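Secondary and tertiary structure notes
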Amino acid sequence: MTEAKSDIHLYTDQTANGIKISMLLEELGVPYKVTAIDISKNTQKEPWFLEINPNGRIPALTDTFTDGSPIRLFESGSIMQYLVDRYDTEHKVSYPRGTREYWEVNNWLFWQMGGLGPMQGQANHFARYAPEKIQYAIDRYQNETRRLYRVMETQLSKSTSGYLVGDKCTVADLACWGWVAGSNWAGVSLDDFPHLNAWLDRVLARPGVERGRHVPKKHTALENRHKTEEEMDKEAGKTRAWVQQSMAADAKK
Amino acid sequence: MAAPYPPKPIRIWVTPPGPNPWKAVFLFEELGLNYELKPFRFDDVKKKPFIDVNPNGRTPAIEDPNTNLTLWESGAIYQYVIEVYDKENRLAYDSFHERHLCNQWLHFQMSGQGPYWGQAGWFQHLHHEKIPSAVERYCNEIRRVLGVIERVLADKPADAQWLVGNKMTFADMAWLPWNFRLSEVMLLSWDEVWEGLPHVRAWHEKMAALPSWQRCIEIRGRLMEAQGLQWNGVPKGIETFTEYEKKIAEGEDTTALQH
């Protein structure tokens with residue numbers, strides 16, 4: 001084989017989107033380098049980073065492509081598709097291209113990217129970071145997050161493997177996991193979702209997930225399950241200021 | 001006339017008002033594929049038979065009798081149609097590098113455009129109370145995302161004003177249906193929408209002028225009319241979206257109100 005050697009470099013922070021990639025890389029057992037990006041310091045808005053991701057968001061990834069020149073990737077869903085396409089030749093967490101399961105995994109991956117992530121993200125914003133408490137907006141996004149959990153719950157209740165598609169854990173599960181693990185931060189309880197709860201633990205029990213979720217630093221979202229609303233609100237206060245600042249900065253561009 | 005391709009028509013489930021179903025139809029039209037529309041009312045997205053097609057109760061969804069596959073989420077539908085039916089790579093690349101870059105922009109559209117344009121539209125038009133900070137939040141995000149594309153296109157040569165490579169791909173097309181609604185979403189004139197975004201505007205308008213998209217507009221118009229809908233998707237005879245949602249929840253037949 002003349003294929004150029006891979007040289008994966010992941011630029012990430014401890015977020016639901018960031019850990020998708022490190023968990024996947026660990027599941028695949030592919031070596032990679034990590035640069036921790038401190039989003040609270042807006043490192044992701046620096047020119048060198050924008051060269052990798054013009055959108056100024058983590059995660060981003062660079063690799064040496066098969067032709068020997070570098071490739072830059074952004075958007076966690078697209079990075080996941082790239083990684084399994086190139087490195088999951090044994091189909092540990094994916095299905096062969098063109099199979100029914102391959103396309104069904106895509107349903108859930110895009111569902112997470114276009115639905116669960118953005119909507120739960122808005123719940124986080126209005127419940128934790130917005131300068132004013134707008135009850136309507138909090139309710140809107142928490143209800144939508146709950147609706148989306150219900151869709152997952154129904155799917156998992158019908159699954160014989162306990163995973164979203166087919167007979168194994170796939171990138172669809174890995175993409176959703178960090179978000180569901182962060183449900184309490186969005187102010188949504190998993191109490192009414194027994195299958196989702198069991199799935200959360202099932203995925204968590206995977207050694208690759210356990211290693212990957214702590215990249216680039218400790219994953220603490222699950223600990224919020226034992227915190228009160230007041231405690232989480234107090235913690236959010238620390239980040240609220242920079243969220244406001246970066247929003248203001250973005251609005252000027 | 002050439003034989004229809006694929007041999008059996010692919011069914012596309014659409015509710016006419018929103019942009020996402022038209023994103024799917026746009027691709028089918030542009031590739032000249034054999035498809036049939038299954039238009040139905042927004043009132044029925046959470047009911048049988050559609051909820052069995054897409055458990056998430058959102059359009060578009062497709063049923064392909066040629067491969068016996070049902071799919072939902074417009075991005076997943078895009079990747080499927082391109083891989084299975086764009087054999088000549090008219091709207092894609094077969095090279096690995098470009099293939100993934102196209103997917104990158106498609107994912108960005110799915111996570112970065114659709115949800116935020118949608119929230120802006122919601123707070124601008126459909127929600128019953130005015131919450132300026134919410135409208136501002138989402139309009140700012142629209143500006144930011146369009147700015148990202150502006151910088152990317154501005155850095156590319158004049159004969160390659162597309163997101164990937166030097167031709168239009170599905171990654172460009174995915175952005176069109178929501179951008180087409182920007183005047184409404186932002187409550188701005190067409191010129192105001194594109195202020196400071198000349199490259200994005202040219203890119204958008206080139207696609208909007210395609211016969212395939214023009215057909216989408218025309219079909220959408222007909223279906224809106226047939227379902228008796230106002231421009232914002234609310235049936236004629238109903239004042240607000242809130243009222244519409246209430247009637248749906250109560251199981252009221254909203255078609256009856258038009259007569």
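Residues numbered from 1 in each chain as written. Chains lettered and ligands numbered in written order. Predicted model: local features only at pLDDT ≥ 70, side-chain atom pairs only at ≥ 80, totals over all residues. Heavy atoms only, no water.

Note the threshold: UniProt positions are given in the numbering used here, feature names are shortened, and annotations may be inferred rather than shown by experiment.
An unreviewed UniProt entry annotates chain B as glutathione transferase originating from Canariomyces notabilis. As its UniProt record puts it under Sequence similarities (unreviewed entry), chain B is described as follows: "Belongs to the GST superfamily." The heading Catalytic activity (unreviewed entry) in the UniProt record of chain B holds the text "RX + glutathione = an S-substituted glutathione + a halide anion + H(+)".

With an unreviewed UniProt entry as reference, chain A is termed Glutathione S-transferase, source organism Canariomyces notabilis. On record in UniProt, under Sequence similarities (unreviewed entry), the comment for chain A is "Belongs to the GST superfamily."

**As for the overall build of chain A**
Definition in use: Numbered from the N terminus, helices here are DSSP runs of H or I no shorter than four residues, and strands are runs of E no shorter than two. As defined in this context, the radius of gyration uses C-alpha atoms, and a globule is described by 2.2 Å times the residue total to the power 0.38. Each residue is assigned to one of three classes by its accessible area relative to the maximum for its type, calculated with a 1.4 Å probe on protein chains only: buried under 20%, partly exposed between the two thresholds, exposed over 50%. Only heavy atoms enter the contact rule, under which two residues are in contact if any of them lie within 4.5 Å. Residue-level accessible areas treat just the shown protein chains as cover; the underlying method is Shrake-Rupley with a 1.4 Å probe. Just so you know, the count uses Lys and Arg for positive and Asp and Glu for negative, and it drops His and the chain ends. Where a charge lies is defined by one atom per residue type: Lys uses NZ, Arg uses CZ, Asp uses CG and Glu uses CD.
Along its length, chain A carries nine helices and four strands. Ordering the α and β elements of chain A from the N terminus gives β-α-β-α-β-β-α-α-α-α-α-α-α. For chain A, the C-alpha radius of gyration of 18 Å lies close to 18 Å, the compact-globule estimate for 253 residues. With the principal axes as the frame, chain A shows a C-alpha extent of 60 × 45 × 25 Å. Across the 253 residues that make up chain A, the buried fraction comes to 58%. Taking all contacts inside chain A whose residues are at least 6 apart in sequence as the whole, residues at least 24 apart take part in 69%. When the accessible surface of chain A is totalled, it reaches about 10,500 Å², and 52% of it is carbon and sulfur. On chain A, the mean spot of the 32 positive side-chain charges and the mean spot of the 33 negative ones are 2 Å from each other.

**Points about the overall build of chain B**
Helices and strands together make up the secondary structure of chain B, namely twelve helices and four strands. Over its C-alpha trace chain B gives a radius of gyration of 19 Å, about what one expects of a compact globule, namely 18 Å for 259 residues. The C-alpha extent of chain B, read off along each of the three principal axes, is 50 × 45 × 30 Å. Sequence-distant contacts, at least 24 apart, represent 67% of the contacts inside chain B between residues at least 6 apart. Counting only carbon and sulfur atoms, one obtains 54% of the accessible surface of chain B, whose full area is about 10,800 Å². Looking at chain B, you have 28 positive and 34 negative side-chain charges, and the mean spots of the two groups are 2 Å apart.

**Digging into the sheet that holds strand 2 (residues 35-39) of chain B**
Residues and elements named next belong to chain B. As a reminder, the rule being used: Being paired, for any two strands, means DSSP has found at least two bridges between them. Interaxial angles span 0 to 180 degrees and are taken between N-to-C directions of axes, which are lines fitted to C-alpha atoms, for helices over the stretch in contact.
Sheet architecture is open: four strands sit in the order 2-1-3-4, paired in mixed fashion. Each edge of the open sheet is held by one strand with a lone partner, namely strand 2 and strand 4 (69-72). Put simply, the sheet's adjacent strands are angled 20 degrees from each other on average, direction ignored. Two elements, strand 3 (residues 61-64) and strand 4, share four bridges in a ladder whose sense is antiparallel. Pairing of Ile62 across the sheet is with Leu71, part of strand 4. Strands in contact with helix 3 (residues 74-85) are strand 1 (10-14), strand 3 and strand 4; relative to strand 4, the strand with the most contacts, it is inclined by about 135 degrees.

**A word on the pattern of salt bridges**
Residue and element names in this part refer to chain A. Convention followed: Here a salt bridge means any side-chain nitrogen of Lys or Arg lying within 4 Å of a carboxyl oxygen belonging to Asp or Glu.
Taken as a whole and judged by the stated rule, the model has 37 salt bridges over all chains. With its nearest N and O atoms 3.3 Å apart, the salt bridge here joins Asp250 to Lys45. Taken together, the residues span a long stretch of sequence, with Asp250 in helix 9 (residues 229-252) and Lys45 in the loop between strand 2 (33-36) and helix 2 (47-52) at a distance of 205 residues. On the accessibility criterion, Asp250 (13% relative accessible area) is buried. Residue Lys133 pairs with Asp233 through a salt bridge whose shortest N-O separation is 3.9 Å. On the criterion of sequence distance, the pair formed by Lys133 in the loop between helix 4 (100-129) and helix 5 (135-158) and Asp233 in helix 9 is long-range, its members being 100 residues apart. By relative accessible area, which is 54% here, Lys133 ends up exposed. When salt bridges that share partners are traced, they join Arg128, Lys133, Glu229, Asp233 and Arg240 into one network.

**Here we look at the domain arrangement of chain A**
All names here are of chain A. Put simply, the rule is: The domain limits used here are those given by an automatic or database domain assignment. Accessible area that two parts lose when put together, evaluated with a 1.4 Å probe and summed over both, is termed the buried area.
Each assigned domain of chain A is listed here: domain 1 (9-87) and domain 2 (100-229). Using only C-alpha atoms to locate each centre, domain 1 and domain 2 end up separated by 21 Å. The partner domain 2 presents 23 residues to the 21 residues of domain 1 that form the contact. Overall, the association of domain 1 and domain 2 removes approximately 1,800 Å² of surface from exposure, summing both partners, and the carbon and sulfur fraction of that is 66%. Three residues stand out in domain 1 for area buried against domain 2, namely Gln14, Met23 and Glu27, and they jointly supply 32% of the buried area on that side. Our enumeration of links across domain 1 and domain 2 arrives at three salt bridges. The salt bridge partner of Arg206 is Glu27, with a shortest N-O separation of 2.8 Å.

**Structural notes on the nonpolar core**
Short version of the rule: As used here, the term nonpolar core means buried Ala, Val, Leu, Ile, Met, Phe, Trp, Tyr and Cys residues forming a set that is joined through side-chain atoms within 4.5 Å.
The biggest cluster of nonpolar side chains holds 158 residues, and the ones touching the most others in it are Leu83, Trp177 and Trp199 of chain A together with Trp105 of chain B. Each of domain 1 (9-87) and domain 2 (100-229) of chain A contributes no fewer than three residues to this core. Excluding residues within four positions of it along the chain, Leu83 of chain A makes contact with Ile8, Ile21, Leu24, Leu25, Leu28, Leu61 and Asp88 of chain A. Core analysis: the next-biggest nonpolar cluster, separate from the first, contains 13 residues, Ile37, Phe49, Tyr129 and Trp242 of chain A among them.

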